[in-house]
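A structural walkthrough
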Amino acid sequence: MSQATVRAGVNIALVKYWGKRDAAANLPAVGSISLTLDGLYTQTTVCFDAALSRDVFTLDDTQRDDPRVVEVLDAVRQAAGEIRFARITSENHVPTAAGLASSASGMAALGLASWAAAGLPTDDPGRNQPLVDLIRRGSGSAPRSLLGGLVELDRDTGQVQQLTAPNDWPLCMVVAVIGRGEKKVKSRPGMQLTRDTSPYYTAWVESQPLDLTAARQAIAARDLPHLGAIMERSTLRMHACMLGADPPLRYLSGRTLDVLDAVQAARAQGLAAWCTMDAGPHVKTLCHPTDAEAVARVVRAVQGIEAVRICPAGQGAQVLPA
Ligand code: PMV
């Protein structure tokens, strides 16, 4: 086969990753745990074609030059002994590059689709370490989108492991979209700036293993209040570390804090819901699926929210039937 299409869901970290211990291999300074979502995804088709004289990448109907895409394709060509260039057509069913993890779903979809189109094996992609490593080079959090449900990415080995399948423990994220602009500082330079200038960076890296251990225990016990509290704490510690950079790195907006206030107030009234934010202003609220509508009502009541999406836990990246 020389063409394949892959759909990969966005993943949102509960225990956050920020910082690299090896920039060249794009290895993380900390481990992380995420939830893969249904409903926000990237779909990518890769077709190797002897008529092409270079790789042609189209994202949402616009042709782009992206060296990371060519890097992935070069690595796949080398692994497969493929000499043809490729046409890559990608659709983001998620706002692009605004801190909604579109680079993770995008890289997972691109990596797996290129791998499949080159005829390399794609069964059990989360255990295919050369594929995982290739995808991680493009985006540090992307290998987590290869698997569904709750997924851990190991700091030391770079391996991904599913902790719970989507149906083992039904969870939901209510995604509040706040603004649609591209983010000001992309994660890669943002991480480097934080490591080089934030006095809180060492404390962030050193405290992470405790959060990972606590989160694993909460997941094993299916203890949502405990997991939610760890997630909110990990989020705010990550942002505290970014805010300590010079110049400060502030991805959160006033509206972000308004949503956080609204969810925390609803929680004080008994709603089981906890917030997380990444390298952008959007707020993702973790809850049980039966509370998702109530959470969405709370979030929609906040002024200036562009859109609210209820996203249940989703499957890992899939090669779609031809
Ligand atoms: O995948 P990257 O390198 O763009 O990093 C993403 C980092 C965060 O989204 C902020 C946190 C995480 O663990 O996903």
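Description of the structure in this document.

Reading the values: rules and limits
- Residues numbered from 1 in each chain as written.
- Predicted model: local features only at pLDDT ≥ 70, side-chain atom pairs only at ≥ 80, totals over all residues.
- Heavy atoms only, no water.
- Helix = DSSP H or I, 4+ residues; strand = E, 2+ residues; numbered from the N terminus.
- Rg over C-alpha atoms; globule rule 2.2 N^0.38 Å.
- Buried < 20%, exposed > 50% of the residue type's maximum accessible area, 1.4 Å probe, protein only.
- Contact = heavy atoms within 4.5 Å.
- Areas by Shrake-Rupley, 256 points an atom, 1.4 Å probe, with all protein chains shown as cover.
- Pairing = 2+ DSSP bridges.
- Core = buried A, V, L, I, M, F, W, Y, C linked by side-chain atoms within 4.5 Å.

This paragraph deals with the overall build of the chain. Each helix and strand in the chain was counted, giving eight helices and 14 strands. For the chain, whose C-alpha radius of gyration is 19 Å, the value lies close to the compact-globule estimate of 20 Å for 322 residues. Projected onto its principal axes, the C-alpha positions of the chain cover 60 × 40 × 35 Å. Each of the 322 residues in the chain was classed as buried or not, and the buried ones make up 55%. The long-range fraction of contacts in the chain, counting pairs at least 24 apart against all pairs at least 6 apart in sequence, stands at 75%. Per element, the accessible surface of the chain, about 13500 Å² overall, is 50% carbon and sulfur.

Now for the pairing of strand S12 (residues 283-287). Burial analysis of S12 places five of its five residues in the buried class, the great majority of the element. Neither face of S12 is exposed, since Val283, Thr285 and Cys287 on one face and Lys284 and Leu286 on the opposite face are all buried. Judged from the five bridges that link them, strand S10 (residues 172-177) and S12 form a sheet pairing that is antiparallel. Within the sheet, the bridge partner assigned to methionine 173 lies in S12 and is leucine 286. Alignment of strand S11 (residues 273-276) against S12, held across four bridges, turns out to be antiparallel.

With that settled, the discussion passes to the nonpolar core. Judged by nonpolar contacts, the single largest core of 36 residues is most densely connected at Val46, Phe48, Leu73, Val76, Ile88 and Leu110. Looking at this core, the elements that each hand over two or more residues are strand S1 (3-15), strand S4 (32-49), strand S5 (56-59), helix H1 (67-80), strand S7 (85-93), helix H2 (102-117), helix H3 (129-138) and strand S8 (150-153). Once residues within four sequence positions are removed from consideration, valine 46 is found in contact with Ser2, Gln3, Ala4, Leu73, Ala86, Arg87, Ile88, Leu110, Ala113, Ser114 and Ala117. With 29 residues, the next largest nonpolar core counts Leu171, Ile230, Met231 and Trp274 among its residues.

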